[in-house]
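Each chain, letter by letter, is given below.
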There are 4 protein chains.
Amino acid sequence: MIVVMQYTATEDNIKKVIERLESEGFSTHLSQGVSRTIIGAIGDRTLIPGLAIEAMAGVEKVVPILHPYKLVSREFQEENSTIQLDKLVIGGKDIHVIAGPCAVESREQIIETAQAVKAAGATMLRGGAFKPRTSPYSFQGLQEEGLRLLAEAREETCLPVVTECMDVESLSIVSEFADIVQVGARNMQNFNLLKKLGTIEKPVILKRGMSSTIEEWLLAAEYIMASGNPRIILCERGIRTFENYTRNTLDLSAVPAAKNLSHLPVIVDPSHGTGRWQLVAPMSRAAVAAGADGLLIEVHLNPSEALSDGPQSLTLENFTSLIGELAVIAPVLNRQLAAACRD
Amino acid sequence: MIVVMQYTATEDNIKKVIERLESEGFSTHLSQGVSRTIIGAIGDRTLIPGLAIEAMAGVEKVVPILHPYKLVSREFQEENSTIQLDKLVIGGKDIHVIAGPCAVESREQIIETAQAVKAAGATMLRGGAFKPRTSPYSFQGLQEEGLRLLAEAREETCLPVVTECMDVESLSIVSEFADIVQVGARNMQNFNLLKKLGTIEKPVILKRGMSSTIEEWLLAAEYIMASGNPRIILCERGIRTFENYTRNTLDLSAVPAAKNLSHLPVIVDPSHGTGRWQLVAPMSRAAVAAGADGLLIEVHLNPSEALSDGPQSLTLENFTSLIGELAVIAPVLNRQLAAACRD
Amino acid sequence: MIVVMQYTATEDNIKKVIERLESEGFSTHLSQGVSRTIIGAIGDRTLIPGLAIEAMAGVEKVVPILHPYKLVSREFQEENSTIQLDKLVIGGKDIHVIAGPCAVESREQIIETAQAVKAAGATMLRGGAFKPRTSPYSFQGLQEEGLRLLAEAREETCLPVVTECMDVESLSIVSEFADIVQVGARNMQNFNLLKKLGTIEKPVILKRGMSSTIEEWLLAAEYIMASGNPRIILCERGIRTFENYTRNTLDLSAVPAAKNLSHLPVIVDPSHGTGRWQLVAPMSRAAVAAGADGLLIEVHLNPSEALSDGPQSLTLENFTSLIGELAVIAPVLNRQLAAACRD
Amino acid sequence: MIVVMQYTATEDNIKKVIERLESEGFSTHLSQGVSRTIIGAIGDRTLIPGLAIEAMAGVEKVVPILHPYKLVSREFQEENSTIQLDKLVIGGKDIHVIAGPCAVESREQIIETAQAVKAAGATMLRGGAFKPRTSPYSFQGLQEEGLRLLAEAREETCLPVVTECMDVESLSIVSEFADIVQVGARNMQNFNLLKKLGTIEKPVILKRGMSSTIEEWLLAAEYIMASGNPRIILCERGIRTFENYTRNTLDLSAVPAAKNLSHLPVIVDPSHGTGRWQLVAPMSRAAVAAGADGLLIEVHLNPSEALSDGPQSLTLENFTSLIGELAVIAPVLNRQLAAACRD
C-alpha cells in the first residue's frame, strides 16, 4: 500500500500516519519528493480495508498495490481450476453449453425442453424455480415444485441441473435438487448467502453483479472460497450502462480479463446480457471466441408463450444452428464442445 | 400499452398479436400508418411483464404507457405520506437528521456518539450492527451485540434507532431492536427480504440500489407496500457511474423526481453518496435545498480510528456546523429542522 | 409519435396539444382510456425534435414510434451497403484488418510497420498524424508531416491509408492524403465536421462516441449521408462505463445491433476498446465471430517505445498469430479475410 | 509515479524499466517487497503520458502520484480565481444567474426575454446562435444573425452575452459578439478549439463533457490555460448514466470536488442537467447550496413554442420565484446574488 500525503501535509501528519501503520503491524518506508511525500507500507493486505488512513489529517489518497483478493487469484494458483461434475469437467478443454427455459413452467415444458436441448448439444439444463422479478406482480416461479420438475427432467435426460438460489433460507432445498447452484446478479453481494455457499458440496455459478467491477466480482468469489467451497464458476451476464437498445451491455472483455486475474472458469450468459434473442447467437459465438469456458443460454420451445424472458429466448431451431457454429470456433482456441452425458 | 409492429410485419403477425392480447383480457385498438402498424392495448397493467409480446413474430417493440408500480405512485395517493414514529413525523414539515457511526464498535463509542449527535441536533441515531462488506476480510460488524448496544444508546438518549437488516434470517432480531429497519443498496432487489419487510410493524428505509433506476426503486417499494407495510422512506445514496473521484455519484435530482412520481418521503445519504467527508456538508445542504425530507449522515468522534467508512465520516465539529447551515436553508422550502425527543 | 397525457390533464390541455400537432401538419388520433388519454400523431418524423410537446400543459411524455434516422436505416435500404475502394470491398464477404501504429512517429517506423502488417495479412494501414490527446503535454502527432509519411508508406506497400481528421480546418489536407478519413470518438457529434464529411469523395470511418447510444451513432451517420456522402463505415471502439480494469467497455453487441438497424458496414477497434494488449486478440476474435466487417488494430514493432498507446498495441508476432485465428473463424459466418492489394 | 511490477517479473524486466525511466530523466527508487517489486520515479509529470511503461515486459500497472494538470490546480494557486467582466466579478462573493432561451429565435423573442430575465434578477443573458443538434433535421440556430440579435439585446439591457462556439472556424465571429464564449459538452475535448480559446481575450465557460471525469475536465481547462487564457469558468451540466428519467444525471458533487482540486470558478446548468423544467428549481437551489458560483438557466417566455429545449425551460414566473429562493440560500455560504448592470 502507498499512502500519498497532501502537498500541505505537515511533519506531524506524516509522523502520525507512520505510527498508525506501524501500530497495525505494517513496516513503512518514507519517500519525500519535492511536491509530495509518499509512505510505502508492507503488511497484511487483508487489514487494509479496515484502516481508515484516508481519514487521517494530511492524507491525499491511499493506493493499494496488491489485489484485495487472494485465494481466487492467478497469483495464488497459476494453473486453471477445473470443476468436476460426474464425468463432466468445466474449465478444461471442453466448452459447456447450459441451456433451458428462463423459468420452469410445467412438467411437460421442462422435460420436452431438456430432451430437445440435449439432442441439440447442450450438456446441462438450466431452469428457474425461484425467480427474482423486478415487479411484485410478475410470475415468481414454481418454487419447490419447480425444483422437483427439474429433477424429473434430469431423470429423463441425465443432464445435470443448474438453478438459482435466491436466499439463505432456500439454499438447503435448492442444493438438494440442483447439481450446480446459481447466484444471480442481484445477489452477487449478498454476503451471507456467499458465506453459506462456501459450506455446500455443490459447485456454484456466480453471476457478475450488474454494476460490479471485475475486482468486486472476484471478491465475491473470495467470500465463497474463503468459506470452504473452491468449486466456483464465474458468469458474465452484462453490466448496466447508458445504452438502452440492449437490456444490459455484455462485457465480453471481462472473460479474458477475469481469466488473467483468476484461475477460475468463466462462462457467459448472452441471453440476459443482451435481452434480445437476435443478438444471442452472435454474442454466443463471440463469447467462445473470446475464451469463455461455457455458455448459459435461454431456450424456449415457444418463446412468445414464455412466462418470463420470452424476448431473449432462442427457439430450438436457432439454438441448434448456433451449436453447429460454436463447434467450428472452439478448435481455434484448442477447445471442443463437450459431449453430453449418456443415459 | 402500445405494441409497435415491424415495418415488415404481415397481416398474420398483427392478427396473432391481437388475439394474444385479447385472450389475456386486454381490449385492443389497431392503428395502421404508412410505415408502421400500432396496436394499443388497455387492460391490467400488472399482467404486462408476464406477456412476452416482444417475442412474437413481427413485433418491433412494446411501449408501456402506465407506470408499472401502483400503490406507491402519486397517482394512487395525491398527498404526501407521513410516517409517525412516537412523536416524530417523517415526510411532513419537519426535516430529520439521522446521524451516527457507520458501524457500532463499542458501548462507549455508540453512547458517546448518540449523546453528541443529539446535542448537535440529530433526531435519530444510525449505526450498523450487521455490515455488508465488499471484502471477506473486512470487519463484519458486532452483529447481535451491536443491536443491544444501539438499544442502550436509545435508552440513554431517547433517540430512535435506525439500523440495517441484511437478510430474512436476521429480520426478526433486527426489527425487535430497531425503530426503523434499513435496507441497504445491495439488497434493494432482495425480493424475499422486501416481502418480509411488508409484514413487520416498523417503518423501512429503502436505499436505492447503486445501479437502479428510479422506476426500479419504486417497484422495490411497491413490493413492501403490496406485502402490507406502507411505512416506507426512500433513501438516495448515490449511483455508480464512470466518475471515480467520488465513491458514487449522488443523484440529487432523484429527490424531486421520486417525490413527483410517488407520495413517499425521500431522504439522502451524502456519506455513502460521495465517500469523502469534504463533500458531505455541501451535499447535505444541497439535499435539503432540493427538497429532501431528511439526511442520513455518518458521524464519528474520531474518523481516523473508525473500523469502517472513516474517510466519509464527519467529525462532531463539522456535523454541528452543518446543522446550523441546514437550519437556515430549511425555511426557504417552508420546512424546519425537527426537534429531538426529550428524555 | 404517441403523446401520453397526465392523468390530471384537462380537456383543454388535450385540445391544445391536438391543435398544435395539427397546425404542424400532423394528423392525430385520440384514444381516451380509463387512466390516461393518448394522442397518436402521424406526420413528418424529422419535425418531431423541433416540437416541444413535452413542454405543453398536461403532457406526461412523448413516445416516438419511428427511428429518428432515415437514410442509414435498414428500413430505407434492405441490402447491406458495400464500399468500394480500388479493388477492395468493405461490407461484403471480405473481412478487412486495418493495422498500424497509434501515431506516425518517423518514416522508418511507418514504412517498416506497413510492410510488416501487410506481410502478416492486413489490407489497410492505420496511423495517426493529428492526435487528440487528453493532456496538453502529450505528443500531439507529426501533423502534416505524418500525412506525407503515410502516403510514402502507401507508395511502398500499396496499402490504402486510414487516418483521423480532427476538425474542419484540416479536412482538406487529410482527405487529400488519406484513402479513408476517420472520425474519432470525441468528434462523433462534431456536427459541422460531419456535414463537411458529407461533401468529400472519400469513405468515412465513424467511431462511436464513448457515451453515445447506438441511435445517436446512427444519427451522426445520418448527418454525413444527408450531406451527400453515403460511404460510411461504423466503428465500435468501446463505451465508457464504471469498469476501470479496461480503458473502455467494448460493446460487441453493438455490432449485430447496428447491422440490424442499419445497412452500413460495422468494424471494431479492440485496441481502444480495451486499452490492454492482452485483451486485443480475444476481442478481435470475438468481434469477427459477432459479425464485424473488419478490425482496426494498433500494431507497434516495439510497443514499449511507442509515443502513444503502447500498452494497447500488439507486437508483430502477436498480430500475425491473431490473423491466423481470424482466418478460421471467418468461414463460420460465410466470410473470409480479404487479400491485400498487390503492388 | 509508481511502477508496480508483476509478481512474475524478472530481474531483467526490472532493470529495463529503471533504465527506461532514467533515460527519460526520471530519478528512480527501487523497493522490493515479498510479493511485489515497486519502482518509484520522480521527474517531469508532463512526460508521463508519453511513456509506455505499462507496455514493458513485467509491468503490472503504473500509478500516477501527482495530478496530470498543473496550472488549473489548487496546488498551483491556492486562492480562488476571480474573473472580471466590466463591473461583474465571477468566482468571488457574488453568485451569478445567467438566463435566457436555449436558442435565439427572433429579435422580439431575445430582447423581450433579456428584459424579463434582467428584471427578475439575471446578471447575464444566454442564448444559442450556433446549435449542436443530435439530429440533422433539427433547427440548427440562426447562426450569425443570432449573434447580431444577442448584441442588440445587450444594447437594450446592458446584460453581457454568453453564447456557444461550436468550432474553430466560427470562433472569431463568436468572440467578436459574445462577452463570454461557451464550450459545449460535446466539444470539451475538441483540442484544437481549446487551444484557440487560449488565444482570445474573452472568458470561457467550459462545460463538462457528458462522459468526462473531473480530471479530464480539468485537463481540458489546462489546454486553454496553457495556451494563454486564464479566464475559465467550469460548468457542470450533467453526466450520462443508466438513469433515463432525467436527460442527464446532474453531478452536483462535482462542484465542491472541482473547487477542492482547482482554483477556477464553477457554475451549474440545471436545465441540460435534468432535461425537465420541474427539476430545474430544486436543482438550482441545490447547486447554490453546494457552493456553485453561478447558474446557467434556460428561460423561455413560452416554453411550448420554443424551437429547442422547451421541456427543460422555465417560464418567467417560475424563474422569478426561483431567484427569490436563491437569495435566501446564498447567505448561508456567505455569498449573495449579484446585482445586474445598470444601463
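Since the model is a prediction, treat every value here as computed from it, not as a measurement.

Participant: Sorry, what's going on with the interface of chain C and chain D here?
Facilitator: With 46 residues of chain C in contact, the opposing surface of chain D contributes 46 residues. Both sides of the chain C and chain D interface together cover about 4,200 Å² of buried area, and 51% of this is carbon and sulfur. The tally of links between chain C and chain D comes to 4 salt bridges. The salt bridge partner of E169 of chain C is K196 of chain D, with a shortest N-O separation of 3.7 Å. The tally of links from chain C across to chain D stands at 21 residue pairs in polar contact (both at pLDDT 80 or more). Going through the elements one at a time, α4 (168-177), α5 (191-197) and α6 (214-226) of chain C are the ones with two or more residues in the side of chain C that touches chain D. No other element matches the 5 residues that α6 of chain C contributes to the side of chain C that touches chain D. Considering only residue class, the side of chain C that touches chain D consists of 20 nonpolar, 14 polar and 12 charged.

Participant: Can you walk me through the relation of the copies chain C and chain D in this structure?
Facilitator: One chain copy maps onto the other through a rotation about an axis and a shift parallel to that axis. Aligned on chain D, chain C shows an RMSD of 0.0 Å; the corresponding rotation is 180° and the shift along the axis is 0.0 Å. What the superposition gives is, in effect, a two-fold axis relating one chain to the other. The rotation axis passes nearest to the C-alpha of S211 of chain C in chain C, at a distance of 2.9 Å. A high fraction, 100%, of the interface residues of chain C reappear at the interface in chain D, so the copies pair face to face through one surface.

Participant: Help me understand the interface of chain A and chain D in this model?
Facilitator: One widely used convention gives an interface's size as the accessible area the parts lose upon coming together. Contacts between the two partners involve 23 residues from chain A and, on the opposite side, 23 residues from chain D. Roughly 1,900 Å² is buried in total at the junction of chain A and chain D, and carbon and sulfur atoms are behind 63% of that figure. Three residues, Y7, I65 and E75 of chain A, lead the burial of chain A against chain D; their summed loss comes to 28% of the area buried on that side. For the pair chain A and chain D, the interface holds 2 salt bridges. Residue R36 of chain D is joined to E75 of chain A by a salt bridge in which the shortest nitrogen-to-oxygen separation is 2.5 Å.

Participant: Explanation requested: the side chain of R74 of chain A in the structure shown.
Facilitator: In this structure, R74 of chain A sits in the loop between β4 (59-63) and β5 (83-85). The side chain of R74 of chain A is buried and forms no salt bridge, while E79 of chain A, the nearest opposite charge, is found at 6.9 Å.

Participant: What is the right way to look at the confidence of the model for chain A in this model?
Facilitator: In low-pLDDT regions, the fine details of the predicted coordinates are not to be read closely. The predicted model of chain A averages 94 in pLDDT, with 100% of residues at 70 or higher. Model confidence for the complex is summarised by a pTM of 0.95, with the ipTM given as 0.94.

Participant: What exactly am I supposed to notice about the sheet that holds strand β4 (residues 59-63) of chain B here?
Facilitator: Think of a sheet as strands paired side by side through backbone hydrogen bonds, with each pair either parallel or antiparallel. Residues and elements named next belong to chain B. Judged by pairing direction, the sheet is antiparallel, and its 4 strands sit side by side in the order β2-β3-β1-β4 without closing on themselves. Two strands lie at the open edges of the sheet, namely β2 (27-32) and β4, each paired on one side alone. For this sheet, the mean angle separating the axes of adjacent strands, direction not counted, is 20°. Here β2 runs beside strand β3 (residues 37-42); their pairing, made up of 6 bridges, is antiparallel. Paired with S31 across the two strands is I38, which belongs to β3.

Participant: Sorry, what's going on with the packing of aromatic side chains here?
Facilitator: To describe a pair of aromatic rings, one takes the distance between the centres and the angle between the planes. Within this structure, the stated rule accounts for 4 aromatic pairs over all chains. Both rings, one in F191 of chain B and one in Y223 of chain B, keep their centres 4.8 Å apart while their planes meet at 25°; by these two values the pair is stacked. In this pair, F191 of chain B sits in helix α5 (residues 191-197) while Y223 of chain B sits in helix α6 (residues 214-226), placing the two residues 32 residues apart along the sequence. Residue classification places Y223 of chain B among the buried residues on the basis of a relative accessible area of 1%. Over the aromatic face of Y245 of chain A sits the side chain of R276 of chain A, whose NZ or CZ is 3.7 Å from the ring centroid.

Participant: When you look at the side chain of D269 of chain C in this model, what are you seeing that I'm missing?
Facilitator: Looking at where D269 of chain C falls in the secondary structure, it is placed in the loop between β13 (266-268) and α8 (270-274). Exposure remark for D269 of chain C: the relative accessible area of 0% places this residue in the buried category.

Participant: Which parts of the structure should I look at to understand the relation of the copies chain A and chain D?
Facilitator: Mapping chain A onto chain D is achieved by rotating through 180° and translating by 0.0 Å along the same axis, at an RMSD of 0.0 Å. Most of the interface of chain A is mirrored in chain D: 100% of its interface residues are interface residues there too.

Participant: Help me out: how do you make sense of helix α7 (residues 254-261) of chain D in this one?
Facilitator: In an α-helix, one turn spans 3.6 residues; hence positions three or four apart end up facing the same way. Most of α7 of chain D is tucked away: 7 of the 8 residues are buried. The set of residues buried in α7 of chain D consists of A254, V255, P256, A257, A258, K259 and L261 of chain D. On its buried face, α7 of chain D is in contact with α9 (277-290) of chain B together with α6 (214-226), β12 (232-236), β13 (266-268) and α9 (277-290) of chain D.

Participant: Quick question: what am I supposed to make of the pattern of salt bridges here?
Facilitator: Where charged atoms from two side chains of opposite charge come close, those side chains can pair. Summed over all chains, the structure comprises 68 salt bridges over all chains. Two residues, K207 of chain A and D269 of chain A, come together in a salt bridge whose shortest N-O distance is 2.6 Å. Linking K207 of chain A in strand β11 (residues 204-207) with D269 of chain A in the loop between β13 (266-268) and α8 (270-274), this pair joins segments that are 62 residues apart in sequence. Across the pair, D269 of chain A and K207 of chain A agree in class, each one buried. Residues R20 of chain B and E24 of chain B are paired through a salt bridge, measuring 3.6 Å at the closest nitrogen-oxygen approach. Residues joined in a network through salt bridges with shared partners are R208, E236 and D251 of chain A together with E243 of chain C.

Participant: Sorry, what's going on with the state of the cysteines here?
Facilitator: Put plainly, two cysteines are in a disulfide when a covalent bond ties their sulfur atoms together. As enumerated under the stated definition, the model contains 4 disulfides over all chains in all. Disulfide pairing places C158 of chain D opposite C341 of chain D at an S-S distance of 2.0 Å. Judged by the sign of its S-S torsion, about 100°, the bond between C158 of chain D and C341 of chain D is right-handed. Here the residue C158 of chain D occupies a position in the loop between α3 (144-157) and β9 (161-164), and C341 of chain D occupies one in the segment after β15 (336-337), the gap between them amounting to 183 residues. Under the relative-accessibility criterion, C158 of chain D is labelled partly exposed at 23%. Between C102 of chain A, a free cysteine, and C235 of chain A, which holds the nearest cysteine sulfur, the sulfur-to-sulfur gap is 13 Å. The buried category is assigned to C235 of chain A, whose relative accessible area is 0%.

Participant: Quick question: what am I supposed to make of the sheet that holds strand β4 (residues 59-63) of chain C here?
Facilitator: Residues and elements named next belong to chain C. Taken in spatial order, the 4 strands of this open sheet run β2-β3-β1-β4, and their pairing is antiparallel. The open sheet has two edge strands, β2 (27-32) and β4, and neither has a second partner. Looking at each pair of strands side by side, their axes are set apart by 20° on average, direction ignored. Taken together, the 3 bridges between strand β1 (residues 2-5) and strand β3 (residues 37-42) define a ladder with antiparallel strand orientation.

Participant: Where do I start with the pairing of β11 of chain A in this structure?
Facilitator: If a strand is regular, its side chains alternate between the two faces of the sheet. Residue and element names in this part refer to chain A. Burial along β11 is two-sided: V204 and L206 and I205 and K207, pointing in opposite directions, are all buried. Pairing analysis gives 3 bridges linking strand β10 (residues 180-183) to β11, with the strands arranged parallel. Bridging from a neighbouring strand, V183 pairs with L206 of β11. What joins β10 to β11 is helix α5 (residues 191-197), and the crossover it makes is right-handed. Tracing the backbone out of β11, into helix α6 (residues 214-226) and back to the parallel element strand β12 (residues 232-236) gives a crossover that is right-handed.

Basis of the calculations
- Residues numbered from 1 in each chain as written.
- Chains lettered and ligands numbered in written order.
- Predicted model: local features only at pLDDT ≥ 70, side-chain atom pairs only at ≥ 80, totals over all residues.
- Heavy atoms only, no water.
- Contact = heavy atoms within 4.5 Å.
- Buried area = accessible area lost by both parts, 1.4 Å probe.
- Salt bridge = Lys/Arg side-chain N within 4 Å of Asp/Glu carboxyl O.
- Polar contact = N/O pair within 3.5 Å; in protein donor to acceptor, adjacent residues only side chain to side chain.
- Helix = DSSP H or I, 4+ residues; strand = E, 2+ residues; numbered from the N terminus.
- Nonpolar A, V, L, I, M, F, W, Y, C, P; charged D, E, K, R; others polar.
- Least-squares fit on C-alpha atoms with pLDDT ≥ 70 in both.
- Buried < 20%, exposed > 50% of the residue type's maximum accessible area, 1.4 Å probe, protein only.
- Lys, Arg positive; Asp, Glu negative; His and termini not counted.
- pLDDT = per-residue confidence, 0-100.
- Pairing = 2+ DSSP bridges.
- Axes fitted to C-alpha atoms, helices over the stretch in contact; angles between N-to-C directions.
- Phe/Tyr/Trp six-rings, centres within 6.5 Å; stacked < 30°, edge-to-face > 60°.
- Lys NZ or Arg CZ within 6 Å of the ring centre and 35° of its normal.
- Disulfide = S-S within 2.5 Å.
- Right-handed = clockwise from strand over helix to strand, strands pointing away.

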